[in-house]
Amino acid sequence: MDDYSRQATRLEAIGGSYDKWLLGAAVALASLGIVMVASSSIALTQSPFYYLTRHLIFIAIGVVLAGVAMRVELKEIEKYNQLLLLGCFALLIVVFIPGLGSSVNGAQRWINLGFSKFQTVEAVKVLYIVWLSSYLVRFRDEVNATWQAMLKPVGVVGVLVVLLLMQPDFGSSMLLLGITTCMLVLGGAQIKRIILPVLLLLPGLVALVIFEPYRMRRVTSFMDPWQDQLGSGYQLSNALMAIGRGEWSGVGLGASIQKLNYLPESHTDFIFSVIAEELGFVGVCGIIGLYALLVGRAFWLGMRCIEMRRHFAGYIAFGIALWISLQTFVSIGVNLGMLPTKGLTLPLISSGGSSVMMTCVAMGLLLRVSYEYNRAVRRQEVREDIDVADASLADSDSPEPVEATTATAIAAAMQNSAARGTSRMQQRVEPTFGRIA
């Protein structure tokens, strides 16, 4: 083995570290979710801790799945991009197979696992983001230059949306469309090219709302929930009453009245209203701040990866950030009466096994992106230090062997890298986002 081979081997031994800001924000939101699920569901069943126990089990499974995602190299995941896309279609079709699919309140969105039901669209969100990230890497130049390359993911998401509307699941359909549009823009597609498909889709989406009575009732009740307070406006009016009772500091943890069988889905879709009632405006601002930290850090990480030409990792970070931000915005907007009532959970907080587990997987992927980015930065620093050491050796008359000098340089560079923790590139954004390690 020559000196360069030994040098490469030593560089490969340099690892990275997981982003502490991302990890801290995710753990804080999940911990708050455990507390609020316990509080909001305590009066829903004869066993006061039924939903809390289920939530803790799904959190534990999600943590295990996240740990697996954190250990897998992204390049290994990228190899299976086509299988991931096939998995998206398979998961949305399997719910219609008798014996496997399960219907709840007229919606065919779940598969029966025996011990629990799994909402397949939650897994589709993760798989689709990874596939679209891979597609944008493979056709990065074509997406910006040709209609065909840009319209292919639009066609794919169109088929997924059709399958979702058959279930029906209008909220997840709009979420996937929003993620696709934003990722295409971030991937280099011209905005003027994207506007045309969006304009063509709008009449169809409006028609889906107008010609479906229950969707139309949600729109009218959203505009004035008090007009039919005991009917179509029941959920929203009770959510608004809960938020109003919270005022500045809330009524106190566990003291919510609306959760006592007045507010439907108080532990899932409308858990934000219970949080606002018990923790008040201060608690709401704290939660929004945690989401802002999580999403902002994910976008920052994505930009840094793109700068280092790690496009696949960067697009995954963008996709997960878009997913979390859009779903959080819709969930909070529904609770505040800013958007029509739609069943989307609050990520990492709401009860719901499928959502909790798949969001944990997304966090694991995001942390893997941060690990590989940090590792790449540290290896780049070591290479720079080695180049400096080699240049100094070439200018000197020292009789010390090249191999020994190189090994010494690598060891010193690794120590310097560990001590610094961040690269010069990261230090430029340190006043805004803090350190990555």
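Predicted, not measured: the structure shown is a model, and the values here were computed from it. (Residues numbered from 1 in each chain as written. Predicted model: local features only at pLDDT ≥ 70, side-chain atom pairs only at ≥ 80, totals over all residues. Heavy atoms only, no water.)

So, about the overall build of the protein. In terms of regular secondary structure, the protein is built from 18 helices and three strands. Within the protein, the fraction of its 437 residues that count as buried is 48%. Intrachain contacts of the protein at a sequence separation of at least 6 include 73% that bridge at least 24 residues. Accessible area of the protein: about 20000 Å², with a carbon and sulfur share of 65%. (Helix = DSSP H or I, 4+ residues; strand = E, 2+ residues; numbered from the N terminus. Buried < 20%, exposed > 50% of the residue type's maximum accessible area, 1.4 Å probe, protein only. Contact = heavy atoms within 4.5 Å. Areas by Shrake-Rupley, 256 points an atom, 1.4 Å probe, with all protein chains shown as cover.)

Quick look at the sheet that holds strand 1 (residues 101-104) now. Ordered in space as 1-2-3, the three strands form an open sheet in which the pairing is antiparallel. Sheet topology places strand 1 and strand 3 (117-119) at the edges, where each strand pairs with a single neighbour. Strand-to-strand twist in this sheet, taken as the mean axis angle between neighbours without regard to direction, amounts to 50 degrees. Each of strand 2 (107-112) and strand 3 touches helix 6 (residues 120-138); the most contacted strand, strand 3, lies at about 40 degrees to it. (Pairing = 2+ DSSP bridges. Axes fitted to C-alpha atoms, helices over the stretch in contact; angles between N-to-C directions.)

Next up on the list: the confidence of the model for the protein. Mean pLDDT for the protein: 82, with 85% of residues reaching 70 or above. Confidence drops under a pLDDT of 50 for residues 420-437, and excluding neighbours within four residues, the segment shows 48 contacts in the predicted structure. (pLDDT = per-residue confidence, 0-100.)

The subject of this paragraph is the packing of helix 6 against helix 14 (residues 311-335). Running from N to C, helix 6 and helix 14 point in directions that differ by 140 degrees, and their axes come no closer than 8 Å. The hand of the helix 6/helix 14 crossing is right-handed. In contact with Glu 122, Lys 125, Val 126, Ile 129, Val 130, Ser 133, Ser 134, Leu 136 and Val 137 of helix 6, helix 14 contributes His 311, Phe 312, Tyr 315, Ile 316, Gly 319, Ile 320, Trp 323 and Gln 327. Classifying every residue of the contact of helix 6 with helix 14 gives 10 nonpolar, five polar and two charged. (Left-handed = near helix turned anticlockwise from the far one by under 90°. Nonpolar A, V, L, I, M, F, W, Y, C, P; charged D, E, K, R; others polar.)

What follows deals with unusual backbone geometry. Geometrically, the link from Gln 167 to Pro 168 is a cis peptide bond, its omega value of -5 degrees lying close to zero. Tracing the chain through its elements places Pro 168 in the loop between helix 8 (147-165) and helix 9 (170-186). Notably, Glu 265 is not glycine yet its phi reads approximately 55 degrees, a positive angle. Relative to the helices and strands, Glu 265 is located in the loop between helix 12 (234-246) and helix 13 (271-307). Classification of Glu 265 as partly exposed rests on a relative accessible area of 37%. Phi is positive for Leu 348, which is not a glycine, with a value near 70 degrees. Along the chain, the position of Leu 348 falls in the loop between helix 14 and helix 15 (353-395).

Moving on, we get to a nonpolar patch on the surface. Together, Val 185, Ile 191, Ile 195, Val 198, Leu 199 and Leu 202 give the surface a local cluster of nonpolar side chains, amounting to about 490 Å² of exposed area. Ranked by residues supplied to the nonpolar patch, first place goes to helix 10 (residues 191-210) with five residues. Note on placement: Leu 199 falls in helix 10. (Patch = residues over 30% accessible without salt bridge, like charges linked within 9 Å, V, L, I, M, F, W, Y side chains within 5 Å. Salt bridge = Lys/Arg side-chain N within 4 Å of Asp/Glu carboxyl O.)

Remark: helix 9 packs on helix 14, axes separated minimally by 10 Å, with the N-to-C direction vectors making an angle of 140 degrees. Regarding the angle of helix 9 to helix 14, the classification is oblique. Relative to helix 14, the crossing made by helix 9 is right-handed. Together, Leu 175, Gly 178, Ile 179, Cys 182, Met 183 and Leu 186 of helix 9 and Tyr 315, Phe 318, Gly 319, Leu 322, Trp 323, Leu 326 and Gln 327 of helix 14 make up the contact between the two elements. Among the residues making up the contact of helix 9 with helix 14, the classes are represented as 10 nonpolar, three polar and no charged. (Parallel < 35°, antiparallel > 145°, perpendicular 65-115°, else oblique.)

On to the environment of Val 361. Examined against the element boundaries, Val 361 turns out to sit in helix 15. It is 9.8 Å that separates the C-alpha atoms of Val 361 and Ile 61, two residues lying 300 residues apart in sequence. Setting aside anything within four residues of it in sequence, one finds Val 361 in contact with Leu 65, Ala 66, Ala 69 and Val 126.

With that settled, consider the layout of surface pockets. Approximately 1200 Å³ is the volume attributed to the largest pocket. Secondary-structure elements contributing two or more residues to the lining of the largest pocket are helix 3 (50-71), strand 2, strand 3, helix 6, helix 9, helix 11 (213-223) and helix 15. Counting residues per element, the lining of the largest pocket draws most heavily on helix 3, which supplies five residues. Roughly 630 Å³ of volume is contained in the second largest pocket. (1 Å grid on protein atoms, 1.4 Å probe; cavity = no way out; pocket = protein on both sides within 12 Å on 5 of 7 lines; lining within 4 Å. Points joined across faces, edges and corners; volume = space filled by probe spheres on them.)

The subject of this paragraph is the pairing of strand 2. Direction of pairing for strand 1 relative to strand 2: antiparallel, over a ladder of three bridges. Bridge pairing in strand 2 links Val 104 to Ala 107. Connecting strand 1 to the next strand, strand 2, in antiparallel fashion are two residues, including Asn 105 with a positive phi near 55 degrees.

Turning our eyes to something else, we now look at the pattern of salt bridges. Applying the stated criterion to the full structure yields 10 salt bridges. Close ionic contact of Arg 245 with Glu 277 constitutes a salt bridge, the shortest N to O distance being 2.3 Å. With Arg 245 in helix 12 and Glu 277 in helix 13, the pair connects residues that are 32 residues apart, well separated along the chain. When its relative accessible area of 33% is taken as the criterion, Arg 245 is described as partly exposed. Taking the relative accessible area as the measure of exposure, Glu 277 reaches 0% and is therefore buried. One salt bridge connects Glu 372 with Arg 368, and the closest N-O pair in it is separated by 3.0 Å.

Attention now goes to helix 12. Taking 1.5 Å of rise per residue, the 13 residues of helix 12 would be expected to cover 18 Å, and the 19 Å separating its terminal C-alpha atoms lies within 8% of that figure. Of the positions making up helix 12, those classed as buried are Leu 236, Ser 237, Asn 238, Ala 239, Ala 242 and Gly 246. (Expected span 1.5 Å × (residues − 1).)

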